[in-house]
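One-letter residues, chain by chain:
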Amino acid sequence: MQVPALSEIAFAKVNLALHVRARRADGYHELESLFAFCTDGDVLGATAREDGALTLAIEGPFADDLSAGEDNLVLRAARALREAAGIRSGADLMLDKRLPVASGIGGGSADAAAALRLLLRLWAISPADVDLARIAAALGADVPACLGSHTVFGAGIGEKLEPVALDLADMPVLLVNPLVACPTGPVFAAWDGEDRGPLDPLDWARGRNDLAAPAMEVVPEIDEVLAVLRAQLPRLARMSGSGATCFGLFASTAERDAAATRIDRDHPDWWTLSTRLR
Ligand SMILES: C[C@@](CO)(OP(=O)(O)O)[C@H](O)COP(=O)(O)OP(=O)(O)OC[C@H]1O[C@@H](n2ccc(N)nc2=O)[C@H](O)[C@@H]1O
Ligand SMILES: Nc1ncnc2c1ncn2[C@@H]1O[C@H](COP(=O)(O)OP(=O)(O)O)[C@@H](O)[C@H]1O
């Protein structure tokens, strides 16, 4: 595979807390979440094409779990940006798929956001000339937060973003996933409809993930992932998004790495990623 001209990391997303407040008439859910991002993720590369074609090739550990067809969020993002900018530029896109698919860490949303950042650069589009927030929101509820990929408070269906005075950079994180896909729609559908109260973003550690219980109905293995993670004595362990990935926040990289080694040894069929918040 050729070396791409430009590349961007599609930073893995973690919902440090996620409170579901109401089911809307259109089936979507009002929520409040503190989004944070890891320093690692998928890697997206791009090389310009003169003929205006858009192509996508996928490699990496989870390449077989998704199609490189027209509905891939990377290609949808590229087409949306090109249309908004009124240009006919092309690109060969290469996605190194390192994050498990449908796993609550926003792989698809992060890929879409990375595609927007990357193609703005490749095609020399000024962000002032396109309504990036609108393009992002049309691609998925999480894409606006993934665009900036910095700690942010989200309301509405996740697209109403408010800055938050929290610096969590460099905090050691361990992500653990049982490698059972956990699709977002069925998890929201299994939510019991009870509003358990608002999220104070500055008090997120005492918050909740209201999707954990419904996600465990869809993927029962999440219960064991959380128990195994908690046994490693992190500062905090919780499920991210609609699952099934759970995260542990550790006091030091040494404690995080020791936990990863034990979990990899005891659960060789699970996926883990030792990373940091950015
Ligand atoms: C739960 C969260 C938390 O960050 O993350 P993930 O678990 O997907 O990573 C997000 O809200 C997910 O956002 P995103 O992954 O963009 O969702 P979408 O593709 O737009 O929606 C997939 C489906 O989930 C349901 N959905 C999504 C968002 C929302 N606020 N309410 C919903 O009910 C809808 O049934 C929708 O058709
Ligand atoms: N580039 C992509 N990466 C991952 N999933 C994608 C991508 N493009 C489209 N999808 C679709 O989006 C769905 C949600 O994937 P993903 O964003 O990984 O889940 P989650 O938001 O739960 O982490 C997948 O089931 C997949 O079919």
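Conventions adopted
- Residues numbered from 1 in each chain as written.
- Chains lettered and ligands numbered in written order.
- Predicted model: local features only at pLDDT ≥ 70, side-chain atom pairs only at ≥ 80, totals over all residues.
- Helix = DSSP H or I, 4+ residues; strand = E, 2+ residues; numbered from the N terminus.
- Expected span 1.5 Å × (residues − 1).
- Buried ≥ 20, exposed ≤ 12 C-beta atoms within 10 Å, placed from the backbone.
- UniProt positions renumbered as here; feature names shortened; annotations may be inferred.
- Pairing = 2+ DSSP bridges.
- Axes fitted to C-alpha atoms, helices over the stretch in contact; angles between N-to-C directions.
- Core = buried A, V, L, I, M, F, W, Y, C linked by C-beta atoms within 7 Å.
- Domains from an automatic or database assignment.
- Contact = placed C-beta atoms within 7 Å.
- Near = placed C-beta within 6 Å.
- Nonpolar A, V, L, I, M, F, W, Y, C, P; charged D, E, K, R; others polar.
- Left-handed = near helix turned anticlockwise from the far one by under 90°.

Turning next to helix α2 (residues 107–122). Count 3.6 residues to each turn of an α-helix, and residues three or four apart come out pointing the same way. Across its 16 residues, α2 extends 22 Å between first and last C-alpha, which sits within 8% of the 22 Å expected from 1.5 Å per residue. Burial of α2 is extensive: 14 of the 16 residues sit out of reach of the surface. Just downstream of α2, Ala124 is the residue with a positive phi angle, here 50°.

As a further point, take the UniProt feature "domain: GHMP kinase C-terminal" (unreviewed entry) in the protein chain. In the UniProt entry, the feature "domain: GHMP kinase C-terminal" (unreviewed entry) is given for residues 211–264. In the segment residues 211–264, helix accounts for 54% and strand for 15%; the C-alpha atoms at its two ends are 26 Å apart.

Moving on: the sheet that holds strand β10 (residues 271–276). The strand order across the open sheet built from four strands is β8-β9-β7-β10, with neighbouring strands paired in antiparallel fashion. Whereas interior strands pair on both sides, the edge strands pair on one side only; in this sheet they are β8 (236–239) and β10. Sheet twist, expressed as the average angle between the axes of neighbouring strands with direction ignored, equals 20°. Bridge count for strand β7 (residues 172–177) against β10 is six bridges, and the pairing is antiparallel.

On to the nonpolar core, then. Ranked by size, the top nonpolar core spans 82 residues in total, and within it Val74, Ala77, Leu93, Ala113, Ala115, Leu116 and Ala215 carry the most contacts. Both domains that meet at this core, namely domain 1 (6–162) and domain 2 (172–276), each give it at least three residues. Residues contacting Leu93, with those up to four places away along its chain left out, are Leu44, Ala46, Thr55, Leu56, Val74, Ala78 and Ala115.

Now for unusual backbone geometry. Generally, phi is negative for residues other than glycine and the peptide bonds are trans, each holding for most cases. Residue Ala244 is reached from Gly243 by a cis peptide bond, and omega for that bond is 5°. Looking at the secondary structure, you find Ala244 in the loop between β8 and β9 (246–249). Not every positive phi belongs to a glycine, and Ala102 is a case in point at roughly 55°. Locating Ala102 in the fold gives a position in the loop between β4 (90–96) and α2. Judged by the 18 C-beta atoms lying within 10 Å of it, Ala102 is partly exposed. Its identity as a non-glycine residue notwithstanding, Ser149 has a phi of 50°, on the positive side.

Lining the immediate environment of ligand 1, one finds 20 residues, of which Gly140, Ile157, Phe188, Gly241 and Ser242 sit closest. The residue inventory of the shell around ligand 1, partitioned by class, reads six nonpolar, 13 polar and one charged. Residue assignment places the shell around ligand 1 across two domains, with domain 1 (6–162) and domain 2 (172–276) each supplying three or more.

It is worth spelling out the domain arrangement of the protein chain at this point. The domain boundaries assigned to the protein chain delineate domain 1 (6–162) and domain 2 (172–276). Contacts between domain 1 and domain 2 engage 25 residues on the former and 34 residues on the latter. Counting residues per element, the ones that place at least two in the side of domain 1 that touches domain 2 are β1 (6–23) and β2 (29–49). The residue inventory of the side of domain 1 that touches domain 2, partitioned by class, reads 14 nonpolar, seven polar and four charged.

The residue Glu30 is located in strand β2 in this model. Glu30 sits in the partly exposed class, given 16 other C-beta atoms within 10 Å. With 125 residues separating them in the primary sequence, Glu30 and Ala155 have C-alpha atoms 7.1 Å apart. With near-sequence residues (within four places) excluded, Glu30 lies in contact with Arg21, Ala22, Arg24, Gly156 and Ile157.

A few words now on the packing of helix α1 (residues 73–85) against helix α3 (residues 132–139). Pairs of packed helices are described in terms of their axes, by the angle between the two and the distance that separates them. The geometry of α1 relative to α3 is characterised by a closest axis approach of 10 Å and an angle of 150° between their N-to-C directions. By crossing handedness, the relation of α1 to α3 is classed as right-handed. The segment α1 lies against α3, with Leu73, Arg76, Ala77, Ala80, Leu81 and Ala84 engaging Ile135, Ala138 and Leu139. Among the residues making up the contact of α1 with α3, the classes are represented as eight nonpolar, no polar and one charged.

Turning our eyes to something else, we now look at the UniProt feature "domain: GHMP kinase N-terminal" (unreviewed entry) in the protein chain. Per the UniProt record, "domain: GHMP kinase N-terminal" (unreviewed entry) is annotated on residues 72–147. Secondary structure content for residues 72–147 is 55% helix and 9% strand, while the C-alpha to C-alpha distance between its ends is 17 Å.

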